[in-house]
Amino acid sequence: MILNALWLSNENWMDASLLYSQTNGATDWEFFTVNQDAFLVVANAYNYGPQNFQNKETFRTNSSLYKLDIEKRAFLKYQTFVTNSAIDWEHFTIEDDHYLVVSNAQNGGNEREHLTVIYRLQGVDRFVPVHHMFLEASADWEVFQDGREVYFIYTNAKGKKSQVLKAKFKWDSRFEV
């Protein structure tokens, strides 16, 4: 496992160490805010080390979301997601809703593991899955808006085909891609 440290400096804080996190082949950190709260989510790509001594499902690992606790002056673990060699997280908003989508570079063998999941922040339930897509392993996601239209750019990690997908909204602000 790799130990990552985040160092921030602020004239009001004497102790600049905010986060020590054990990661598994971390490839990306995504920072975002929701109202006045700051978050960091890590993409863990490889499950190796003593926790996986049998060397099984090396690409299936947990990626973690951290929330800044101002009083403790630290990012604390807020939520954990099961990922398959995550290499990128993308945060985006649609109207007042906050979403996360992860790029899984390796997908497992069964059909359920071939899903790309979009999560929406839902208060006390935190980020919950709201949409599943059956796609090949992805290397990157980007999200952009053109007026009220929302587009997702998906890059294929293992093949020659990448896509631009358009979200279709339903009456309750849910969307289909």
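1. Examining the overall build of the protein chain
Regarding its fold elements, the protein chain presents zero helices and 15 strands. Each of the 177 residues in the protein chain was classed as buried or not, and the buried ones make up 44%. Within the protein chain, residue pairs in contact and separated by at least 24 positions form 36% of the contacts whose partners lie at least 6 positions apart. As displayed, the protein chain offers around 10,400 Å² of accessible surface, 48% of which is attributable to carbon and sulfur atoms.

2. Considerations on the sheet that holds strand β4 (residues 37–44)
Taken in spatial order, the four strands make up an open sheet running β3-β4-β5-β6, and their pairing is antiparallel. Unpaired on one side and paired on the other, β3 (26–34) and β6 (74–84) mark the two borders of the sheet. Between one strand and the next, the sheet's axes are offset by a mean angle of 20 degrees, whatever the strand orientation. For β3 and β4, the ladder comprises eight bridges, and the chain directions are antiparallel. Considered in β4, the bridge of F31 is made with L40.

3. Quick word on the confidence of the model for the protein chain
For the protein chain, the mean per-residue pLDDT works out to 75, and 70% of the residues sit at or above 70. The spread of mean pLDDT over the elements of the protein chain runs between strand β1 (residues 2–7), the lowest at 43, and β4, the highest at 91. Every residue in residues 1–16 is under pLDDT 50, and counting partners more than four places away or in other chains gives 37 contacts.

4. Quick word on the nonpolar core
Counting 16 residues, the largest nonpolar core has F32, L65, F81, W89, L100, Y119 and F127 as the members making the most contacts within it. When contributions to this core are tallied by element, the ones reaching two or more residues are β3, β4, β6, β7 (86–94), β8 (97–104) and β9 (115–121). Ignoring sequence-local partners within four residues, the contact set of F127 consists of F32, L65, Q79, F81, H98, Y99, L100, Y119, R120 and L121. If you look at the next biggest cluster of nonpolar residues, it comprises 14 residues, including Y99, L135, V143 and Y154.

5. Details of the sheet that holds strand β11 (residues 138–146)
Strands pair in a sheet through their backbones, by hydrogen bonds, and they do so in one of two ways: parallel or antiparallel. The antiparallel open sheet is built from three strands, whose spatial order is β11-β12-β13. Every other strand in the sheet has two partners, leaving β11 and β13 (163–166) as the edge strands with one partner each. Adjacent strand axes in the sheet meet at a mean angle of 20 degrees, parallel and antiparallel pairs treated alike. Relative to strand β12 (residues 149–156), β11 runs antiparallel, the two being bridged by eight bridges. Across the sheet, the residue bridging to E142 is I153, located in β12.

6. Description of the packing of aromatic side chains
Tallied over the full model, the rule gives twelve aromatic pairs. With a centroid separation of 5.0 Å and 50 degrees between ring planes, the pair formed by F81 and W89 is classed as tilted. The pair formed by F81 and W89 is uniform in burial state, with each residue classed as buried. Seen from their ring centres, F92 and F152 are 5.3 Å apart, and the 80 degrees between their planes marks the pair as edge-to-face.

7. Notes on the pattern of salt bridges
Scanning all chains against the criterion turns up one salt bridge. Across the salt bridge formed by D37 and K67, the nearest N and O atoms sit 3.7 Å from each other. Highlighted residues: D37 in strand β4 and K67 in strand β5 (residues 60–69), separated in sequence by 30 residues. Taking relative accessible area as the criterion, D37 reaches 31% and is therefore assigned partly exposed.

The rules behind the values
- Residues numbered from 1 in each chain as written.
- Predicted model: local features only at pLDDT ≥ 70, side-chain atom pairs only at ≥ 80, totals over all residues.
- Heavy atoms only, no water.
- Helix = DSSP H or I, 4+ residues; strand = E, 2+ residues; numbered from the N terminus.
- Buried < 20%, exposed > 50% of the residue type's maximum accessible area, 1.4 Å probe, protein only.
- Contact = heavy atoms within 4.5 Å.
- Areas by Shrake-Rupley, 256 points an atom, 1.4 Å probe, with all protein chains shown as cover.
- Pairing = 2+ DSSP bridges.
- Axes fitted to C-alpha atoms, helices over the stretch in contact; angles between N-to-C directions.
- pLDDT = per-residue confidence, 0-100.
- Core = buried A, V, L, I, M, F, W, Y, C linked by side-chain atoms within 4.5 Å.
- Phe/Tyr/Trp six-rings, centres within 6.5 Å; stacked < 30°, edge-to-face > 60°.
- Salt bridge = Lys/Arg side-chain N within 4 Å of Asp/Glu carboxyl O.

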